[in-house]
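Overview (structure and organization)
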Amino acid sequence: MASTSPRRSGDPLSPSSPLLPSPTSPSGGGAGPLGRLSGLRGAARFIRRTGSRRLMREPSVAVRETAAEHLEERQTDWAYSKPVVVLDVLWNLAFVAVAAAVLAASLNEQPSVPLRAWLAGYVIQCLLHVLCVAVEYKRRQEATERGGMDQEGAVDGDFKLSIVKNLESANTMFSFIWWIIGFYWVSAGGQALSHDAPQLYWLTIVFLAFDVFFVVFCVALACVIGIAVCCCLPCIIAILYAVTDQQEGASEEDINNLSKYKFRTMGDADKLVAGIAAPVDGVMTECGTSPPVEHILSAEDAECCICLCPYEDGVELRELPCNHHFHCTCIDKWLHINATCPLCKFNIIKSNLEREEV
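In this text, all values refer to a predicted model and were calculated from it rather than measured experimentally.

1. Examining the overall build of the protein chain
On a plain count of helices and strands, the protein chain comes out with twelve helices and six strands. Within the protein chain, the fraction of its 358 residues that count as buried is 46%. A total of about 18500 Å² of accessible surface is found on the protein chain, and carbon and sulfur atoms cover 62% of it.

2. So, the nonpolar core
Core analysis: the biggest nonpolar cluster contains 36 residues, and L233, I306, L320, F326 and L335 have the highest contact counts within it. Here this core gets five residues from one element, more than from any other, and that element is helix α11 (residues 328-337). In this structure, L233 is in contact with V63, R64, A67, A228 and I306, ignoring residues within four places of it in sequence. One finds V123, C126, F207 and F214 within the second-largest nonpolar core, a separate group that totals 25 residues.

3. Focus: the layout of surface pockets
The computed volume of the second largest pocket comes to approximately 160 Å³. Taken together, T76, D77, Y80, S81, K82, Y137, R140, Q141 and T144 make up the full set of residues lining the second largest pocket. Elements supplying a minimum of two residues to the lining of the second largest pocket: α2 (58-79) and α4 (115-146). Counting residues per element, the lining of the second largest pocket draws most heavily on α4, which supplies four residues.

4. A few points about the side chain of D88
Note that D88 resides in helix α3 (residues 82-105). Side chain to side chain, D88 and H129 meet in a polar contact 3.0 Å long.

5. A look at the pattern of salt bridges
Evaluated as defined, the whole model comprises four salt bridges. Note that E136 and R140 form a salt bridge whose closest N and O atoms lie 2.9 Å from each other. With E136 and R140 both in helix α4 and four residues apart, the pair spans about one turn of that helix. Put simply, E316 and K260 hold a salt bridge, and the shortest N to O gap is 3.7 Å. With E316 in strand β5 (residues 316-319) and K260 in strand β2 (residues 259-265), the pair connects residues that are 56 residues apart, well separated along the chain. Taking relative accessible area as the criterion, E316 reaches 35% and is therefore assigned partly exposed. Residues participating in the shared-partner salt-bridge network are E136, R139 and R140.

6. A word on the confidence of the model for the protein chain
Within the protein chain, residue pLDDT values average 77, and 73% of them lie at 70 or more. Low pLDDT, under 50, characterises residues 3-38; the stretch is placed with 114 contacts to residues that sit more than four places away or in other chains.

7. With respect to the packing of α3 against helix α7 (residues 198-231)
One way to put it is that α3 packs onto α7 with a least axis distance of 9 Å and a crossing angle of 160°. By the criterion of interaxial angle, the relationship of α3 to α7 is roughly antiparallel. As α3 packs across α7, the resulting crossing turns out to be left-handed. Contact with α3, carried on its side by W91, F95, V98, A99, V102, L103 and A105, involves Q199, L200, L203, F207 and F210 of α7 and no other residues of that element.

Calculation rules
Throughout, a residue's number is its position along its own chain's written sequence, starting from 1. This being a predicted model, a pLDDT of at least 70 is required before a residue's local features are given, and a value of 80 or more before pairs of side-chain atoms are given or counted; all residues contribute to the totals for chains, interfaces and linings. Heavy atoms from the whole structure form the basis of all side-chain values; hydrogens and water molecules are not counted. Only runs of H or I of at least four residues qualify as helices and only runs of E of at least two qualify as strands under DSSP, and these elements are numbered from the N terminus. A simple rule labels every residue: compare its accessible area, found with a 1.4 Å probe on the protein chains alone, to the largest value its type can have, and call it buried under 20%, exposed over 50%, or partly exposed in between. To be clear on the numbers: accessible area is Shrake-Rupley with a 1.4 Å probe, and residue cover counts the displayed protein chains and nothing else. We define the nonpolar core as a collection of buried residues of types Ala, Val, Leu, Ile, Met, Phe, Trp, Tyr and Cys that are connected through side-chain atoms lying within 4.5 Å of one another. Throughout, a contact is declared for two residues whenever any of their heavy atoms are within 4.5 Å. Computed over the protein atoms alone on a 1 Å grid, cavities are sets of points where a 1.4 Å probe fits but cannot get out and pockets are open sets with protein on both sides within 12 Å along at least five of seven lines; a residue lines them when it has an atom within 4 Å of a point. Grid points are joined across faces, edges and corners, and a volume is the space filled by probe spheres set on the points. By the criterion applied in these results, polar contacts are pairs of N or O atoms within 3.5 Å in which, for protein atoms, one can donate a hydrogen and the other can accept it, and in which residues neighboring in sequence qualify only through two side-chain atoms. Salt bridges are defined by distance alone: a side-chain nitrogen of Lys or Arg within 4 Å of a carboxyl oxygen of Asp or Glu. As a per-residue measure, pLDDT reflects the predictor's confidence and takes values from 0 up to 100. Structural elements are reduced to axes, namely lines fitted to C-alpha atoms, with helices fitted over the stretch in contact, and the angle between N-to-C directions of any two is expressed from 0 to 180 degrees. An angle below 35 degrees is read as roughly parallel, one above 145 as roughly antiparallel, one from 65 to 115 as roughly perpendicular, and any other as oblique. What makes a crossing left-handed is the near helix being turned counterclockwise from the far one by less than a right angle; a clockwise turn instead makes it right-handed.

Shown next, in the form of structure tokens:
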């Protein structure tokens, strides 16, 4: 576990204890019911409540909740990136075009239930969704171009965001109710609809089925990501590291300025020579210092909170200014995408700047 201990130089070794400080995204398709990816933070907390508490200690859980929060922020940024917005708009406009073509081609059909009204309502949902996405994308672009937004621009941006959120929420709720109505009409019409109005019937079936598929896909994806965050966080960090702009987190220089240690396990003979009676697992010694700066780690603290692996003899560790330590390979990739400690959210860039000013 990441822990902290007083820095010492040449004194008898003593055990240490842990230091633990006690926007809507566009849906990928039509405006179907509940067409939203469930919160990653909520998935991580759910998994923690249902069983991870028995498998992971609190520091490891805190790291995973921080990672889930970071993923949630990235999810919104990616959802409003230009390629995703263009794909989302084109996808919804394709639904509108198909519905308009079928409505025009089925003027002679006489369904026993108002399928035309349902398809028209579905088209309106898609158009409202496109409008919300376009307005929010434009607002984000204007905020990015302005950089430091003035107070008047910030108030105007918040007002637009409030309107878009309310409109998108209302559209989502309406789409859920509209899906139920459509399902009821199709069920009430029965097989007669396939003979009386085959084009309207099958298009309605396709739209209803797509909405169900999209919801199931979003829920399954959220569950998979939540499980991956809890059980395979290094894989998530490696993926984020591969796709992250290097300017988003700490630079290589900032990371190299952090203290690096080498871990050494302590056997019973070493503990006897050092006069240690407490249960300890090993000692981490800072590289390149004279006299050596050492930290004693108990068996509970000699574990990386990110990968959940115990420290092995000779492994390199990185200690942050907040005194939390992790495997170098784990924390370096994390700092490249987020310049804060995954345990206490201490910002290492601000720390380096304050040190340079002093």
